[in-house]
Amino acid sequence: MEVEVLEGIFDANEIIAAENRRILDEHGIFMMNIMSSPGAGKTSVILSTLEGISKEFSCAVIEGDIAGKVDSERIAKTGVPAIQINTGGSCHLEAKQINTALKKLLLDGLDVVIVENVGNLVCPAEFKLGEDLKVMILSVAEGHDKPHKYPLMFSESSVLLVNKIDMIPLTNFDMAQLKETVTRMNPKIKIFEISCRTKEGIAEWLDFIKDVINEKKKSENNPTESTG
Amino acid sequence: MHELSVVESMVAIVLKHAELNRASSVKKINLVLGEVSTIMEEPVRFYFEIISKGTVAEGAELFFRRTPLMAECVTCGEQFKVIDYDLTCPRCKSNESKIISGREFRVESIEIE
Ligand SMILES: Nc1nc2c(ncn2[C@@H]2O[C@H](COP(=O)(O)OP(=O)(O)OP(=O)(O)O)[C@@H](O)[C@H]2O)c(=O)[nH]1
Ligand SMILES: [Mg+2]
Ligand SMILES: [Zn+2]
């Protein structure tokens, strides 16, 4: 006998992601999920972002790594609360881990949660966490051909930060080519060219992210206008 | 790379429906796997064998139906197969399209006894 099932295998994760989103919306907290391959600059971007916004907004960071707590210690030095999740070999964060981490944070009065996903350009794209914004980072040393090889990540993200632009003279990186490819895959994506070393382009990124955070705070004050 | 946890979810879904239908064994599992999903067939088969051991799903055949990456144009409604991830509408050249299939991984049905 054949029995119809019609259940998505990611459904369980998506139900928990929606629950995370509900908790965040209730508290007017904005959450962004930062994804990239290992070493592209996730922790550096988070540190630069905190430097620019943590006076204005109360922030917390959730660090996902296969092992160790190096990155959460880098964050904690700034005085921003950081929770480390060790995935124990797993290549991505799942909504359940974020749910547990949110329970450890003092949510009242919090404005922003930044999640650093596991360094990987493939798997994190497939798992929703309940975030408001998916941000991916590509560092110029990785090459402008990456969208062809990792299309899901480029098409799922709302923001692309092209990092380490201070290194462009050392590479054959073609920014125009990258932008053309990415925009064809994902016409709505916002692209910022930045360097966490020289701070070039960081101000534009901060302006953008402050606007988005303020939008979310406004919707908390007027829950009927919430767009979700 | 994350097939282990994914196969755990898959087997949980299969066992839930097997139990609901009082199955004594699951003969076949019909899966739908989108063309651009990050999930690969081979590791799914590998982990399935391990995880299903000792359950009513042990020994079930896995059948994968692959679905192409398809998009629908928001402007003119054209549905088209996406090639090389280019979301430009082939009919009206608008670049406002949304993906309608090709990313999914789901259990379509199971064949039980
Ligand atoms: N030249 C240059 N180096 C940078 C820049 N941003 C980050 N780096 C360096 O790149 C290396 C990796 O940066 P991280 O911020 O640790 O990268 P990550 O993505 O968090 O790495 P994982 O968490 O290990 O995946 C560090 O040595 C940084 O100093 C940049 O804009 N320019
Ligand atoms: Mg890091
Ligand atoms: Zn069209």
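The rules behind these values
- Residues numbered from 1 in each chain as written.
- Chains lettered and ligands numbered in written order.
- Predicted model: local features only at pLDDT ≥ 70, side-chain atom pairs only at ≥ 80, totals over all residues.
- Heavy atoms only, no water.
- Helix = DSSP H or I, 4+ residues; strand = E, 2+ residues; numbered from the N terminus.
- Rg over C-alpha atoms; globule rule 2.2 N^0.38 Å.
- Buried < 20%, exposed > 50% of the residue type's maximum accessible area, 1.4 Å probe, protein only.
- Contact = heavy atoms within 4.5 Å.
- Areas by Shrake-Rupley, 256 points an atom, 1.4 Å probe, with all protein chains shown as cover.
- Lys, Arg positive; Asp, Glu negative; His and termini not counted.
- Charge placed at Lys NZ, Arg CZ, Asp CG, Glu CD.
- Buried area = accessible area lost by both parts, 1.4 Å probe.
- Salt bridge = Lys/Arg side-chain N within 4 Å of Asp/Glu carboxyl O.
- Polar contact = N/O pair within 3.5 Å; in protein donor to acceptor, adjacent residues only side chain to side chain.
- Pairing = 2+ DSSP bridges.
- Axes fitted to C-alpha atoms, helices over the stretch in contact; angles between N-to-C directions.

Caption draft 1: Region of the structure containing the overall build of chain B. When helices and strands are counted, chain B shows two helices and six strands. Along chain B, helices and strands appear, N-terminal first, in the series α-β-α-β-β-β-β-β. Its C-alpha radius of gyration of 17 Å places chain B more than 25% over the 13 Å reference for a compact globule of 113 residues. Residue burial in chain B is summarised as follows: out of 113 residues, 44% are buried. The long-range share in chain B, meaning contacts at least 24 apart out of those at least 6 apart in sequence, stands at 69%. With an accessible surface of roughly 5,800 Å², chain B has 53% of that area assigned to carbon and sulfur atoms. Within chain B, one finds 14 positive and 18 negative side-chain charges whose respective centroids are separated by 4 Å.

Caption draft 2: Spatial organisation of the interface of chain A and chain B. Chain A puts 27 residues into the contact, and the matching count from chain B is 32 residues. Summing both sides of the interface, chain A and chain B together bury roughly 2,600 Å²; the carbon and sulfur share of this comes to 59%. Here chain A and chain B share three salt bridges between them. Linking A:K188 and B:E96 is a salt bridge whose minimum nitrogen-to-oxygen distance equals 3.6 Å. Our count for the chain A to chain B interface comes out at 16 residue pairs in polar contact (both at pLDDT 80 or more). In terms of residue count, the dominant contributor to the side of chain A that touches chain B is strand β1 (residues 2-8) of chain A (seven residues). Bridging between β1(A) and strand β6 (residues 105-112) of chain B involves five bridges; their strand directions are antiparallel. Counterpart to A:E2 in the pairing with β6(B) is B:E111.

Caption draft 3: Structural detail: the pairing of strand β8 (residues 190-193) of chain A. Strand direction decides the pairing type here: strand β7 (residues 159-163) of chain A and β8(A), joined by four bridges, are parallel. For A:V159, the partnering residue across the bridge sits in β8(A) and is A:K190.

Caption draft 4: Summary view of the sheet that holds strand β2 (residues 61-67) of chain B. Ordered by their spatial adjacency, four strands build an open sheet running β1(A)-β6(B)-β1(B)-β2(B), and the pairing between neighbours is mixed. Only two strands of the sheet have a single neighbouring strand rather than two, namely β1 of chain A together with β2 of chain B. For this sheet the average axis-to-axis angle between neighbouring strands, irrespective of direction, equals 20°. Each of β1 of chain A together with β1 (26-34), β2 and β6 of chain B is contacted by helix α1 (residues 3-20) of chain B, which is oriented at about 40° to β6(B), the strand it contacts most. Each of β1, β2 and β6 of chain B is contacted by helix α2 (residues 41-51) of chain B, which is oriented at about 155° to β2(B), the strand it contacts most.

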